[in-house]
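Residue-level structural notes
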Amino acid sequence: MIQIVDASEKYGDGQKTIIAAEPIAAGEKIWWCSCSDDDYIMSRDDILHLIEMQPHLRRFLCWYSYMTEDDMYLIPRTFATELNNDACVLFNHSCEPNCGFDSGDGNTIVAIRSISIGEELTYDYNFLETEPSLIRGTVCKCDTLSCVGTLMFDRYRDEDFQKRFYLYMSSYLQTRVRELETKWYSTKCFTRSATDEKRKSLHALEWIQAGEIVARFLGPVNIDNHFIRDVNKFEATCMIDEHKQVIALYDLPAESEITLNYHGKLL
Ligand SMILES: C[S@@+](CC[C@H](N)C(=O)[O-])C[C@H]1O[C@@H](n2cnc3c(N)ncnc32)[C@H](O)[C@@H]1O
């Protein structure tokens, strides 16, 4: 059903892509990714540390990892061991995709519309990635009329995008979309997963200036509906105003934790 071909001309040296080897009907299942419990799950911190130690791994780790949380990435083992027989890592991005993930079974890639023989098979990387993506800032070469230019991975926030593509997003992305109904945080923030010692927490992804709005509560302010740690007033990096907006008290460098002192003052 599919064929892997060279795409150096379109995307750059050594790049490959996948094309349809036969006509594909809308809704047809195209590829069953062989992702399994054997795959590597690495935290963003570990990946960034590994890239710092071994810069030659950058391309491999950034191109072939998939977000499963704001700070967690899946790296298919078959690819890591170079025994890769899983073409799911070779689907390129398009801002007008013809493929997506099957919402009933996140590991299957399905056709969004009918696809002609020879057509390139693409999905929108916004179905998998959000702002902390390791390939944020990639200049898109999809050559479509709706091309966004630079991939910033914030499209899941757009209601039209959600309406059109929710069913084709990965389960991580669907969770992020649903979260937007109860809490909003800036594109400059990301969450760190909970550990045995610590609850989930919110952090700056890039420099945030004093006075910037970093998050907004859409319901009652309590620890059950957000990820902002309640700390004593000397440690708080942000304050909350009467509109339930969380505002940076100081300039916050990347990685700083977003914290509040709201104890006993639920709005
Ligand atoms: C998962 S790989 C896709 C397969 C890749 N073409 C290969 O041969 O290994 C993701 C990488 O492909 C490239 N890529 C995919 N879609 C692209 C697009 N629309 N514009 C520019 N680069 C793209 C980027 O370098 C991206 O980090």
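Residues numbered from 1 in each chain as written. Predicted model: local features only at pLDDT ≥ 70, side-chain atom pairs only at ≥ 80, totals over all residues.

**Quick word on the site of the ligand**
Our working rule: Placing a C-beta atom from the backbone of each residue, we mark the residue near a molecule or strand if the atom is within 6 Å of it. Working definition: helices are DSSP H or I runs of at least four residues, strands are E runs of at least two. Numbering for both runs from the N terminus. Note that Gly is not counted as nonpolar here; it falls among the polar residues with everything else outside the nonpolar set of Ala, Val, Leu, Ile, Met, Phe, Trp, Tyr, Cys and Pro and the charged set of Asp, Glu, Lys and Arg.
Around the ligand, 16 residues are found, and the nearest of them are Q15, K16, N92, H93 and K141. Residue assignment for the shell around the ligand shows that the elements contributing at least two residues are strand 2 (16-20) and strand 7 (92-93). Residue composition of the shell around the ligand, by class: 8 nonpolar, 6 polar and 2 charged.

**Re the pairing of strand 16 (residues 213-217)**
Note the following rule: In this scheme, strands are said to pair when DSSP sees at least two bridges between them.
With 3 bridges connecting them, strand 13 (residues 183-185) and strand 16 associate as antiparallel partners. Each bridged residue has a counterpart across the sheet, and for Y185 the counterpart in strand 16 is A215.

**Notes on the nonpolar core**
For clarity, the cut-off: Connectivity within a nonpolar core runs through C-beta atoms within 7 Å, and the core itself is a set of buried Ala, Val, Leu, Ile, Met, Phe, Trp, Tyr and Cys residues. Field definition: a residue is buried when 20 or more other C-beta atoms are found within 10 Å of its C-beta, exposed when 12 or fewer are, and partly exposed for counts in between, with C-beta atoms placed from the backbone. Two residues qualify as being in contact provided that their C-beta atoms, derived from the backbone, are within 7 Å of each other.
By size, the foremost hydrophobic cluster in this structure holds 31 residues, and its most contacted members are F91, C99, I109, L121 and F127. Elements represented by at least two residues in this core include exactly strand 2, strand 5 (66-69), strand 8 (99-102), strand 9 (105-111) and helix 6 (171-179). When neighbours within four sequence positions are excluded, F127 is seen to be in contact with G100, F101, F165, Y168, M169, S170 and L173.

**Regarding the domain arrangement of the chain**
Put simply, the rule is: All the domain ranges listed were derived from an automatic or database domain assignment.
Here the domain parsing of the chain yields domain 1 (2-179) and domain 2 (184-260). The C-alpha-based centres of domain 1 and domain 2 are spaced at 29 Å. The interface of domain 1 with domain 2 comprises 7 residues on the first partner and 6 residues on the second. Its residues placed into classes, the side of domain 1 that touches domain 2 shows 2 nonpolar, no polar and 5 charged.

**Overview of the sheet that holds strand 13**
Basically, it comes down to this: Where helices are involved, their axes are fitted lines through C-alpha atoms of the stretch in contact, as for all axes, and angles between N-to-C directions lie from 0 to 180°.
Strand order in the open sheet made by the 4 strands is 13-16-19-18, with antiparallel pairing throughout. Both edges of this open sheet fall to strand 13 and strand 18 (238-240), since each of them pairs with a single strand only. Each strand axis lies, on average, 15° off the axis of its neighbour in the sheet, ignoring direction. Pairing analysis gives 3 bridges linking strand 18 to strand 19 (residues 245-248), with the strands arranged antiparallel. If you follow M239 over to strand 19, its bridge partner there is I247.

**What to know about unusual backbone geometry**
A positive phi angle, near 60°, is found at D143, a position not held by glycine. Note that D143 resides in the loop between strand 11 (138-139) and strand 12 (150-151). Residue D143 is classed as exposed on the basis of its 10 C-beta neighbours within 10 Å.

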